[in-house]
Each structure stands twice: as C-alpha cells, then as structure tokens.
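# Remarks on the overall topology
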Amino acid sequence: MAKVTVAELRNIAFCGHGASGKTTLLDRLLALTGAVHGEPSVDNGSSICDFDPEEKAHKRTIESSIVHFSHEGKRINAIDTPGYSDFIGQTIGALRAVEMAAIVINAHSGIEVNTRRVFQEAGKAGVGRMIIINRMDDINIDFPKLIENIRDTFGNACALLNIPIGHGAGFKGVITTLDKGDDAGALLPVSEAHTQLIESIIEVDAALMEKYFEGEEPSHEKVEELTEQAIARGTLIPIVCCSAKTGVGLKELLEVLAHEALPPGHIQRIAYKEGHRDGIEGDEIKIKADPAAPLIAQVFKTRIDPFVQKLTYLRIYSGTLKKDDQVHVCGAKKGVKIGPLLDVQGAETKAVESAGVGDIVAVAKMEDLHTGNSLGEFEMPRIPFPTPMVGLAVKPKSHTDEAKLSTSLHKLVEEDSTLKIERDVQTKELVMTGMSDLHLQIIRERLHRRDKLDVDSKVPKIPFRETIMASAEGSYRHKKQSGGRGQFGEVHIRMYPLPRNVTPEQFCTKERFPQMKEFHFDETHRFLWVNSVVGGSIPGNFLPAIEKGFKERIEKGVIAGHTVQDVAVEVHYGKHHDVDSSEAAFKIAGSMAFRNVFQQAKPALLEPIVRMEVTVPEKFMGDLYSDMSGRGGRVQGTDSAGGGYQTIFAEVPLREVTTYARTLSSMTGGQGSFTMELAHYDIMPSSVQQDIVSKTTLHEEEEE
C-alpha cells in the first residue's frame, strides 16, 4: 500500500440502481489511472469489481467490492455496491467505511427505486453525497427534466458541478460551473447553474453569503476552500456528468473525486465507551483522525473466498494497526492477534505491514472477528442492517447432508448480515430468511457452487402464537397405578391474560394475589408464574416440576400447536401422596392443568403484524390502497417521496405479504419498492383462526 497522508486519502462508496453503470464506471477509472492493465468489462466477465461467479453469471453486482486507484497524489479507495435493494445490506456496510457516497444515475432512466434508497441510506450514515449522471451517451435523454427531478426529489442542495455538451452520440464533453463560462453547446445555461452552485457552497459561511447577496462574488479560491465544508454539512450535493462507455467526462470526474470528495476526518464520527454504544450521555467521544491516537476500527464486511478463507474487512478511524498486534475486541473476553494485513484490489490482495487512519484493509483467517465488531478500547455504533423478512424453509435433498448444510449456512450468515438461519421450534423447519426471493435464490446458487449442496425449499409456516382472552380456573389430577410404586400429583391453577403494557410487578398486586409467595417471569414468552400455595398442599420441592410442565406446554401450544404467550398462571392449591408423588407426576399434572384451563379461557391465535413502507409513483396510489385493504392492512399515513412518488405507511398481517415483492412489481411495472419489519403480534380474525385451527391436529395422548 503506497503510503499517503490522511489528507491525501479519499474513501468513496459508489451506489445507485442496477444498470446505472457503477461497476463499468469503476472498471474504466481503474484502467484510466493505470491501477489495472487491459480493459476490464462486466460483459466479458473480466470486471475487477464483479469477480464472484454468481455476479458473472447474472451480470449484476451482488457483493460490495473494494478497489483503489490514484490521481494527482490522492489515493482513492472505492467500494462498488449492488444496484438492487435485495442486497442493500452490502451498501449499508460499505457506507460505514467511507466519507462519501457517489450516487450513480442512469441519464436515460433517471431516478429509480434503489437510487432513492441509497440516497436515504447515505443520509442516515451521515456521509457526504454527490451524484454522478452516467450514460450521457444514451439516446432519448431529457437532461433539463432529469435535473429538475433530481432537485425536486433530493432537494436544492443538488447543484451541477459541470454541464454536458450534447448527449447521445453528440455527447462530447462537459463545462465546469465553478466559473460562469460559455454556454456553447451546454444542455443548460451555465450562468444559472453557476449561481445555484455558489449559493449552495457559501451557505456554510454567513458573512460571505451576506456579501454575495450584496453583489460581491466570492473568489475562485474561496469557493474551492468552502466546497468540502459544504459537502460535509449537506448544503451541497454536487452533480457531475460522464459516460463510462465512451470515457467522456471521466478525467473531470477524477478531478472531482480527488479534490472535492471528503478526506477522513471531515465527517465527525462518534465512538462510545465499551458497552455504552447505544448513546448514554457523557460516554461518547469524538473520533480524531490521528494516526498517533488510540486504535478505533470496525469490521464492515466479511467474505468467504473460493478457498474457504475468511476475509475480514476493516476501516480504521483512529490510530494505527500493524501485523501481529494484539488488539482488544469490544464485547469479547480476550483480544486477538492480528495476522497479515492485506491491501485489496477486487479479488486480489497484497500483504502490507501496517495501516493507519482512513485505510481500508482485509485480514485473513480471523475467526474471532465478525461484521460489526469494534477494535480498540472504544466501540463504534452498530451497523443498522435491515431485518430480513422473506423466508424459505429448506432441507437438503440428501438426508446425509444435514450436518453439511448447517456448516455451509453458517458460513453464508457470517458474510451476509441480512441473512438469518433458525430452526423454528414450533414448525421444526429450518428457515432461511433474507431480503427477497432473488436474495434467497443467490444463496441457493452459492450452496450449490461452493459446497455441492442442493436443497428443497418451500414457503415456511408462519409462526403464529396462542394466547387467552379471559380468565379461568381448574385443576388436574394425575394418578397412575400399575403395580409397584404409583404416580400421583394434583394441581389447581387460575389463569389470566397478561396485558403487554403491564409489567410483572404491576400485575402481581396483593389485591389480585393475596397469598402470593413468589413469582417468576419468562420474558421470551411473556409467561408469569405465581406461587400462592399455602399449608403445604404441594411440597416446595415439586413446584419447579409444575413450572417445567407449564413451560413444556407453552412450547407445544394448546389449540393449534403454536407457542403460547401473554399468560399468567397462579398455582394456589394441590394434593400429594407421601409415597406416589414425584417430580414427574407433578410435571404431567401441571402440563395437563395448563392445557385444560387454557381451553376454557377463550383461547385465541395471535399473528405477526409487519410494519411496511411502500413507495410508488403517485398514479399507482389508488391501486395500492385497494390492494392493502384486500390484505387486511391498516394504513397509518402517507408522505411525499419527491419526484412524483408517494410513500404509504401501513401495518399488515405477515400471512398476506409473504410474496408481496412479486405483487408490487407487477402492480407498478417494477417502479415500486418496500421495506418491512416485525411490528407486533395481534389477535387473528376469528374466520381465519377457525380455518387454521381446523387444519391442525395435535397428536397428543394424556399420560396415565
């Protein structure tokens, strides 16, 4: 790694919608600066950035990839990110490692679904933003309309740094707007764009702005001095134009990346005392981009390469990291010894001795480091990966591959923070949850390629819950005599609904439980167990067995085989036998008493409700409202997304949106997008509940 100062570093994530040309653009910049030889291309599979076999097969970026090149003494670390929201986790991780997001827009297609998403994610990450209008050589480009849409959607901070001369086959250059310049051939008036640019820049300097509106034009040097500050504060989002295919505008783009993009330290980042990164006042520090300061670094990406070698990607925010350093990992019991540091160029790596502030490096075979880990004595904020909600139940085609599947999926989860794997205790299914159908399809392809594993898949059963709507009481006597020592245990209980807005302490009042001795609360299932046994009717040594019986029944379910939640049970009386009573007998009595009383307490099914944000062109709003109503969704509100788009906020039963991506794509011609996350569980409509319960048979026999 060529040694450069912090001021000479630029870290930039290239983001945007698919087919905007991000990968081709970076490949061309690498070749133009001499960072690589030849002419890498996505089309012929020689791209430096898209080197993964699935990327070559699909001709689209699936993972973020790190490359670097130099221009006029500046080292530019660039991260190519996927163009589809199915892989948005890769973009979110990349944004943690940079100071700038270069949002690439297809000049012909304009602002698309993922353009909006990555613009928002860059804003959440607090990094500077710029817009690159690529593919100016395409036909049918309405450039004035595109700029109008950009400013309408993303705000008036968006200002042209250069203007194209011609478009399509006539695109032959760009004109800077830092000077008023000549309008000859420009697609927009240069003077008008110059005014917008200057006003966006000088907004960070009140005194200069006052002079400007009094008629005093700031000097060229002063404007350049304030540009970085304006980008950092968000008053300026510069727009530049180019064609990666023809190369027109790429030299000017390099100038902008080298001189206008933010160096490390220009974005103020915060770290926390270990264990306090959720933001307790006084426990945070402002990170200084100082190589001599204590080490602060974070893992923003993990990759398993074709040789099953784990690569851990680090961004260093403060201090210096060297090979063989013993480093503290926040949240871990012991530190780790850092192996060889690797400078990364796509799929290629080169060993380096050390890395400092602003550097992005990889470390091989660090099994104790995982995406999101912080290195050093201070902890970085969590990387806000979205919650995956699209699931598939999977099992290997061959029963002999059960153990192999578990190992393979573990590796995939390690490198993909938007993939979750869990075995549902209710349905007994191994459920793989991702961001979309396409995301899960790529996972299955990787299983096949990497590990020669093929799986059968199906839509997973939805994890409903069971609860009660009323109070009830009852008992159960377990008595068994078949020669020798018998079994005897009798348990009397009262059962109550446990409101979600009430704490166990608030619920367990002396008025409700006058003889209460103790209570236990299981947060996972919101199950409250109260001991009100008096007079020794049930010896104390049998009470844990009764509670265990309750919990086993909670896991099994009662009316439809789903986990029980939001229930309080009071054990208030019982009977025992000096010889025949045992823990096993009381566990059975507790389980059966729970089942019987639960059935009397107006049992109901709860279903998961997801919170959705759906963004569509305004012309589809009527169709969207109608569709949501048909799914039993409750619209919470709407908001303008700019550029003729609206966002609707709704809560919908998960059972109604398991394949929503296909519906929305069909409804909007691929112009709609959505996110969803679990909101809460709610009572299922009785008609739907009856249908589910009628299809469920609990094969359970009472033990006697």
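You'll find the structure just up there.
The text that follows walks through the structure, step by step, so that each part is easy to find.

The rules we used
- Residues numbered from 1 in each chain as written.
- Predicted model: local features only at pLDDT ≥ 70, side-chain atom pairs only at ≥ 80, totals over all residues.
- Heavy atoms only, no water.
- 1 Å grid on protein atoms, 1.4 Å probe; cavity = no way out; pocket = protein on both sides within 12 Å on 5 of 7 lines; lining within 4 Å.
- Points joined across faces, edges and corners; volume = space filled by probe spheres on them.
- Helix = DSSP H or I, 4+ residues; strand = E, 2+ residues; numbered from the N terminus.
- Nonpolar A, V, L, I, M, F, W, Y, C, P; charged D, E, K, R; others polar.
- Salt bridge = Lys/Arg side-chain N within 4 Å of Asp/Glu carboxyl O.
- Buried < 20%, exposed > 50% of the residue type's maximum accessible area, 1.4 Å probe, protein only.
- Phe/Tyr/Trp six-rings, centres within 6.5 Å; stacked < 30°, edge-to-face > 60°.
- Lys NZ or Arg CZ within 6 Å of the ring centre and 35° of its normal.
- Pairing = 2+ DSSP bridges.

## What about the layout of surface pockets?
Quantified by volume, the second largest pocket comes out at close to 910 Å³. Contributing to the lining of the second largest pocket are 37 residues, with Glu 422, Val 431, Thr 433, Pro 463 and Leu 654 lying nearest its centre. Every element with two or more residues in the lining of the second largest pocket is listed here: strand E23 (390-396), strand E24 (420-423), strand E25 (430-434), helix H11 (437-451) and strand E36 (673-683). In terms of residues, the lining of the second largest pocket owes the most to one element, E24, which gives four residues. Its residues assigned to classes, the lining of the second largest pocket comprises 17 nonpolar, 10 polar and 10 charged.

## Some details on the pattern of salt bridges
Inspection of every chain in the model, using the stated rule, returns 33 salt bridges. Residue Glu 99 pairs with Arg 269 through a salt bridge whose shortest N-O separation is 2.8 Å. Residue Glu 99 is found in the loop between helix H3 (88-95) and strand E4 (100-106), and its partner Arg 269 is found in the loop between helix H9 (250-259) and strand E10 (270-273); the two are separated by 170 residues along the sequence. Neither residue differs from the other here; Glu 99 and Arg 269 are each classed as buried. Between Arg 494 and Glu 570 there is a salt bridge, with its nearest N and O atoms 3.0 Å apart.

## Things to note about the packing of aromatic side chains
Counted according to the given criterion, the structure contains 12 aromatic pairs. Ring centres of Tyr 212 and Phe 213 lie 5.3 Å apart, and the angle between their planes is 75 degrees; this geometry places the pair in the edge-to-face category. Residue classification places Tyr 212 among the buried residues on the basis of a relative accessible area of 13%. Centre to centre, the rings of Tyr 496 and Phe 513 are 5.5 Å apart; their planes meet at 80 degrees, and the pair counts as edge-to-face. Note that Tyr 496 is positioned in strand E29 (residues 487-497) and Phe 513 in the loop between helix H12 (504-507) and strand E30 (518-522), a separation of 17 residues in sequence. Owing to a relative accessible area of 15%, Tyr 496 belongs among the buried residues under this scheme. Overall, Phe 513 belongs to the buried group, its relative accessible area being 0%. Counting every residue linked through ring pairs, the aromatic cluster contains Phe 527, Phe 550, Phe 594 and Phe 598. Cation over ring: Arg 60 sits above Tyr 84, and NZ or CZ is 4.5 Å from the ring centre.

## Remarks on the sheet that holds strand E22 (residues 378-379)
Taken in spatial order, the three strands make up an open sheet running E11-E10-E22, and their pairing is antiparallel. Each edge of the open sheet is held by one strand with a lone partner, namely strand E11 (284-286) and E22. Bridging between E10 and E11 involves three bridges; their strand directions are antiparallel. Opposite Ala 271, over in E11, you have Ile 285 as the bridge partner.

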